[in-house]
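What follows is each chain in one-letter form.
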Amino acid sequence: MSVFEGFKFRKVSSVVHNLDPRIKFFFVCILFVMAIMFTKLLALVVLFFIPLPFVFMARVNRQWLRSLRGAALFAIFIFATNILVGYFYPGSNKQIIPPVDTTTEYLILLEYASAMTLRFVVLIASFSMFFLTTSPDHLGLALQQSHIPYEFCFAFTTAVRFVPVLADEAQTIMDAQKARGLELERGNFLKRVRNYIPILIPLIVNAIRRSLELAEAMESRAWGASEKRTNLYTLKLRRADYILVVVSVLMLALAVYVWLYVSIPSLTALLSL
Amino acid sequence: MIEAKDLHFTYPTGLEALKGINLTVDDGEFLAVMGQNGAGKTTLVKHFNGLLKPTTGEVLVDGVSTRDVSVAKLSRNVGFVFQNPDHQLFSETVEDEIAFALKNFGFEEAVIKKQVDWALNLLDITQYRKTSPFMLSGGERKRVALASILAWDPKVIILDEPTIGQDHQQKEKLQQFILQLNAQKKTVVVVTHDVEFVAECNPRVILMSQGKILAEGIAEKVLTNPKLVAQASIVPPQITQIFLELADLGLPTDVIDVHEATKILLGRLRERQ
């Protein structure tokens, strides 16, 4: 469950925390687009380093690392799938001419799989940075000020807020089932997946029950009584926000330029030179 | 026998929940763990079936360190009934729910059937055999959860807040039931806030506060010490409160039992007449 840890907000004040959530989200989305644009390992390595200064400035490195560690299992899965698919259906990867047999082709395949894995890691790294440094309240405000209907904003912030609660609950359920002799790590792959049923059912049932209770509690506190809601706090763009917008746009422009006109060499090609 | 030796436990978040616990729970003993919220009660008992492993120090169950054995193996002897039954119920029928642990422990089909019948009968829920556990009331769900643990007849039974959410009658039944279990030489450990419940059962009590054991002894001695109970943020049983207030009249102050109290008061009244 440690991947959830990486998305849990803690109230701290730093330059990164104080950035406007809309701008921060824009920045993270640009990173997302860039990660999708490139398939070369070299480019993705560069992208991986972009959120790092933000993580350090916000002093959330420990939680951030924990979220990466939590995503490791899924990353390994992506890596293995890419290797397997690339090996058995080499036609799907344009850089490899089937059948895969030379060392270079193995290296290309390895590099491709690493790149795909790193793409996932870049996404987790940047979104984790965003969620670690943005309070759910700010996020809700940002959505509202982007003229999204309040009901949707509320649903979204509630969902985000309940992630850590659900993670805690999942842990308790796991403990309760382990105390009844459930061994999650036992059996073959299919059995292991099935082992999670006793965890998922109570988790889902409780989530539904909780949402119904929450709805009733909200109704009894006059949810939706006034048509037009006002807010105590409003978001205003500051200098740092404008700088980040400019940086983001420049980054995207550079990425598009590289994508169109520069052919990024593969590591394999560089090494064989 | 369960032994905790200089047990320290720190959660990954850095919270030091247990600070040097030394405790022995003898076979066939009835122990109540009491103390304020966050005192470390649940954390302590989660060490008894290996759900949590000591940060330093050790916990021995029948002479074997919990570090060396899996939760599943320990659970065979140490049954743990969680506070909220909704954290474990997932099966389609009550019957399946009770059979779940038995299947995990690898009992034979015939034994499973026999034990399920026995547990259903024990907790008076035979009529719900084919009902979905989700359709039952809170008290009934709690009984299903209890039955699902007792079904494999563990030597030690740990109950986390068994009286929460139970009406008076159910509580009385539960109390009789727990005393009965204990009479059958089962070791019973109860984590609870409910002083009245403890007063009526009169087990050995350990009072916890801030990760340490504040006091231990029979309920009659511990719960009637106003200073101690105040330190652990609990209130003495109502009977004791009356006797404490009447201490000036020369009445004893270590009374927790209603019948004993009646006897003393009747004796005084007769003396006067």
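Criteria and cut-off values
Throughout this description, residue numbers start from 1 for each chain and increase along the sequence as written. Numbering of ligands from 1 and lettering of chains from A proceed in the order in which they are written. Only residues with pLDDT of at least 70 get local features here, since the model is predicted, and only at 80 or more are side-chain atom pairs given and counted; chain-wide, interface and lining totals rely on the full set of residues. Each side-chain value is derived from all of the structure's non-hydrogen atoms; neither hydrogens nor water enter the calculation. Going along the chain from the N terminus, every DSSP run of H or I of four or more residues is numbered as a helix, and every run of E of two or more is numbered as a strand. The criterion used for residue contact is that any of the two residues' heavy atoms lie within 4.5 Å. The accessible surface values rely on the Shrake-Rupley method and a 1.4 Å probe; as for residues, cover is taken only from the protein chains in view. In this count, Lys and Arg are taken as positive residues and Asp and Glu as negative ones, while His and the chain termini are left out. By convention, charge coordinates are those of NZ in Lys, CZ in Arg, CG in Asp, or CD in Glu. The buried area of a pairing is the accessible area, by a 1.4 Å probe, that goes missing from both parts when the two are put together, added over both. Salt bridges are identified by distance alone: a Lys or Arg side-chain nitrogen within 4 Å of an Asp or Glu carboxyl oxygen. By the criterion applied in these results, polar contacts are pairs of N or O atoms within 3.5 Å in which, for protein atoms, one can donate a hydrogen and the other can accept it, and in which residues neighboring in sequence qualify only through two side-chain atoms. Nonpolar residues are Ala, Val, Leu, Ile, Met, Phe, Trp, Tyr, Cys and Pro. Charged residues are Asp, Glu, Lys and Arg, and all others, Gly as well, are polar. What pLDDT expresses is the predictor's confidence in each residue, scored from 0 to 100. Paired strands, as defined in this entry, are two strands with at least two bridges between them according to DSSP.

A. Main features of the overall build of chain A. Assigned secondary structure in chain A consists of twelve helices and zero strands. Secondary structure elements in chain A, listed N-terminal to C-terminal, are α-α-α-α-α-α-α-α-α-α-α-α. Across its three principal axes, chain A shows a C-alpha extent of roughly 70 × 55 × 30 Å. In chain A, once contacts between residues fewer than 6 apart in sequence are set aside, the share between residues at least 24 apart is 78%. Summing over all exposed atoms, chain A offers an accessible surface of approximately 16200 Å²; the carbon and sulfur share of this is 69%. The averaged location of the 17 negative side-chain charges in chain A is 5 Å from the averaged location of its 27 positive side-chain charges.

B. Representation of the interface of chain A and chain B within the structure. At the junction of the two partners, chain A supplies 20 residues and chain B supplies 25 residues. Summed over the three residues of chain A that lose the most area to chain B, namely Ala-179, Arg-180 and Arg-209 of chain A, the buried surface amounts to 35% of that side. Our count for the contact surface shared by chain A and chain B stands at three salt bridges. Here Asp-175 of chain A makes a salt bridge to Lys-46 of chain B, at a shortest N to O gap of 3.4 Å. The interface formed by chain A and chain B holds ten residue pairs in polar contact (both at pLDDT 80 or more) in total. Those elements giving two or more residues to the side of chain A that touches chain B turn out to be α8 (150-178) and α10 (197-219) of chain A. Here the side of chain A that touches chain B gets seven residues from one element, more than from any other, and that element is α8 of chain A. Counted by class, the side of chain A that touches chain B contains eight nonpolar, four polar and eight charged residues.

C. Region of interest: the confidence of the model for chain B. Residue and element names in this part refer to chain B. Chain-level pLDDT for chain B is 92 on average; 100% of the residues reach the 70-or-more range. Here helix α9 (residues 226-231) stands out as the element of chain B with the lowest mean pLDDT, 88, in contrast to strand β8 (residues 187-191), whose mean of 96 is the highest. Per the prediction output, this complex has pTM 0.75; the corresponding ipTM is 0.88.

D. Representation of the sheet that holds strand β1 (residues 2-10) of chain B. Taken in spatial order, the four strands make up an open sheet running β2-β1-β4-β5 (chain B), and their pairing is antiparallel. If you trace the sheet from one side to the other, it starts and ends with β2 (16-25) and β5 (64-65) of chain B, each paired once.

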